[in-house]
Amino acid sequence: SQAKVVVATGRGVIKNFEPAARGLYVDELEGGPSQLFFYRQDRRKPVAVPILPISSVGGLHCWNEDDVLFANSSFLKPNGWYEWRPGLKSPRPTALITSSPANFDDIEVVREFATSKDGTKVPLNIMRKKGLKLDGNNPTVLYGYGGYGINLTPGFSATRRIWFDAGGVYVIANLRGGGEFGEEWHLAGNLTKKQNVFDDFIACAEYLIKRKYTRPAKLAVAGGSNGGLLMGAFLTQRPDLARAVVSRVGIYDMLRVELDPNGAFNVTEFGTVKNEDQFRAMYAYSPYHNVKDGVKYPATLMLTGANDPRVDPMQSRKMIARLQAANPGGTYLLRTSSNSGHGVGASLSERVEQDVDRFAFLFHELGVTYKPVKYAARRPAPFPC
């Protein structure tokens, strides 16, 4: 009854916090990116700690008075550890800074918002070359997940350099079903409301086309696991919006998935056929059951691991077979690896081989000509003010 409010409820979702001598550091998530604040005991308003733009914060640790140590990474900068104390204009980089041979100085990230079917604003993280022409001709990959309250936060990937060197745009959508705006955001794309996730993703694709980032013939969509279900629902509901689909270790038969070895784990997210309302919701969007004969679906590459303990590889086999039967003249490819499972812990060689096949598929389908570019290793740049 004597408790005092230190941090009032706001738009941000608290990811982590760390007490200091004279206050509290709080890492807040707002739609995907992090914001880091220092709430001093003697001040009403928090102090914003300067971090990389559109980035993720992790590992808060105070070791001396109000000094804080934290990790910071973005779509364009690999992870590094920094120290900060009140009064400093910018954090000081420690010796624990990751470098990358891939230089992203010519790339920028912008946050834009698509409007979903019910009016919900859906964030888009758009990675593009500076000075990009919005003429509808840019090969574009739209990636999504939208499930289990999992957040798609900014993170660095050197392999995206390949896509940018080919003139591509890479977009990550923060869909409902994730936790980017808290548990309410998750539940809005859960169980009988799962269709909201697919509507969000469709709205994102339509937004990129309307803004002339790309056009259907130059658009590819990608996702894995729960994001694989998203790919299946997208291609069966709006086959006109994209040229290519890359779906990894996905779920496609929603009426049988709970009978798979790990299927019961998914009931709290998708529902069960034993509940009539949940059955009707799943049947309405189940990708396998919504493939129609004679429809020209986008070229599709599905990747699965023969030793996947999480999602039965039969899901991918069935879905590809159904697409091939529905449109025998289309391109529907299944890539099965005996050396991998759900993706976690896959060897470096396996990951490289998968990336090669994925890029080759995308280049072929979107008509991309790629010329390899050599990069020399670079020392980490100073922290931007």
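Each chain has its residues counted from 1, running along the sequence as written. Owing to the predicted nature of the model, reporting of local features is limited to residues with pLDDT of at least 70; listing and counting of side-chain atom pairs is limited to 80 or more, with chain, interface and lining totals taken over all residues. Where side-chain values are given, they derive from all heavy atoms of the structure, hydrogens and water being excluded.

Asks: So what exactly am I meant to see when it comes to the overall build of the protein chain here?
Replies: Segments assigned H or I by DSSP are reported as helices when at least four residues long, segments assigned E as strands when at least two residues long, and all are numbered from the N terminus. Helix and strand counts for the protein chain stand at eight helices and 16 strands. In terms of overall size, the protein chain behaves like a compact globule, its C-alpha atoms giving a radius of gyration of 22 Å where 385 residues would be expected to give roughly 21 Å. Its C-alpha atoms give the protein chain principal-axis dimensions of about 70 × 60 × 40 Å. The cut-offs for exposure are 20% and 50% of the maximum accessible area for each residue type, with area from a 1.4 Å probe on protein chains only; residues under the lower value are buried, those over the upper are exposed, and the others partly exposed. Counting the 385 residues in the protein chain, one finds 51% classified as buried. Contacts are assigned to residue pairs that have any heavy atoms within 4.5 Å of one another. In the protein chain, 63% of the contacts between residues at least 6 apart in sequence involve partners at least 24 apart. Shrake-Rupley sampling with a 1.4 Å probe provides the accessible areas, and residues are treated as covered by the protein chains on show and by no other component. Entry remark: accessible area of the protein chain is about 18300 Å², with carbon and sulfur atoms responsible for 53%. Radius of gyration: C-alpha atoms only; globule rule: 2.2 Å multiplied by the number of residues to the exponent 0.38.

Asks: What should I look at first to understand the environment of methionine 319 in this one?
Replies: Examined against the element boundaries, methionine 319 turns out to sit in helix α7 (residues 314-326). Methionine 319 sits 69 residues away from glycine 250 along the chain, and the two C-alpha atoms are 9.6 Å apart. If sequence neighbours within four positions are ignored, methionine 319 has contacts with Thr236, Tyr252, Pro287, Tyr288, Val291 and Met302.

Asks: Just to check I follow, could you spell out the packing of aromatic side chains for this structure?
Replies: Any aromatic ring pair is given by two values, namely how distant the centres are and how the planes are angled relative to each other. Two aromatic rings from Phe, Tyr or Trp, using only the six-membered ring of Trp, form a pair when their centres are within 6.5 Å; if the ring planes differ by under 30 degrees the pair is stacked, by over 60 it is edge-to-face, and anything between is tilted. One pass over the structure, following the stated rule, counts 15 aromatic pairs. Residues tyrosine 148 and phenylalanine 265 carry aromatic rings whose centres are separated by 6.0 Å and whose planes lie at 15 degrees to one another, so their mutual orientation is stacked. Here tyrosine 148 is found in the loop between β11 (140-143) and α1 (160-165), whereas its partner phenylalanine 265 is found in the loop between β14 (244-248) and α5 (267-270), with 117 residues between them in sequence. Judged by its relative accessible area of 24%, tyrosine 148 is partly exposed. Taking relative accessible area as the criterion, phenylalanine 265 reaches 41% and is therefore assigned partly exposed. Geometrically, the ring pair formed by phenylalanine 198 and tyrosine 285 is edge-to-face, given 5.0 Å between the ring centres and 65 degrees between the ring planes. Within this pair, whereas phenylalanine 198 is found in helix α3 (residues 195-210), its partner tyrosine 285 is found in helix α6 (residues 276-285), the two being separated by 87 residues in sequence. This pair shows no difference in class: phenylalanine 198 is buried, exactly as tyrosine 285 is. Taken together, the aromatic side chains of Trp163, Phe359, Phe363 and Tyr370 make up a single cluster linked through ring pairs.

Asks: What am I meant to see in the pattern of salt bridges here?
Replies: When the charged atoms of two side chains with opposite charge come close together, those side chains can pair. For this analysis, a salt bridge means a side-chain nitrogen from Lys or Arg found within 4 Å of a carboxyl oxygen belonging to Asp or Glu. As enumerated under the stated definition, the model contains 23 salt bridges in all. Two residues, glutamate 108 and arginine 128, come together in a salt bridge whose shortest N-O distance is 2.8 Å. Here glutamate 108, found in strand β9 (residues 107-115), pairs with arginine 128, found in strand β10 (residues 121-129); they are 20 residues apart in sequence, far enough to count as distant. Glutamate 108 sits in the partly exposed class, given a relative accessible area of 24%. On the basis of relative accessible area, arginine 128 is assigned to the buried category, the value being 15%. One salt bridge connects glutamate 269 with lysine 194, and the closest N-O pair in it is separated by 3.6 Å. With glutamate 269 in helix α5 and lysine 194 in the loop between α2 (183-187) and α3, this residue pair connects regions lying 75 residues apart in the sequence. According to the relative accessible area criterion, lysine 194 is buried, its value standing at 0%. Through salt bridges with shared partners, a single ionic network connects Arg335, Glu350, Glu353 and Asp357.

Interpretation note: all reported values are geometric properties and have no functional meaning in isolation.
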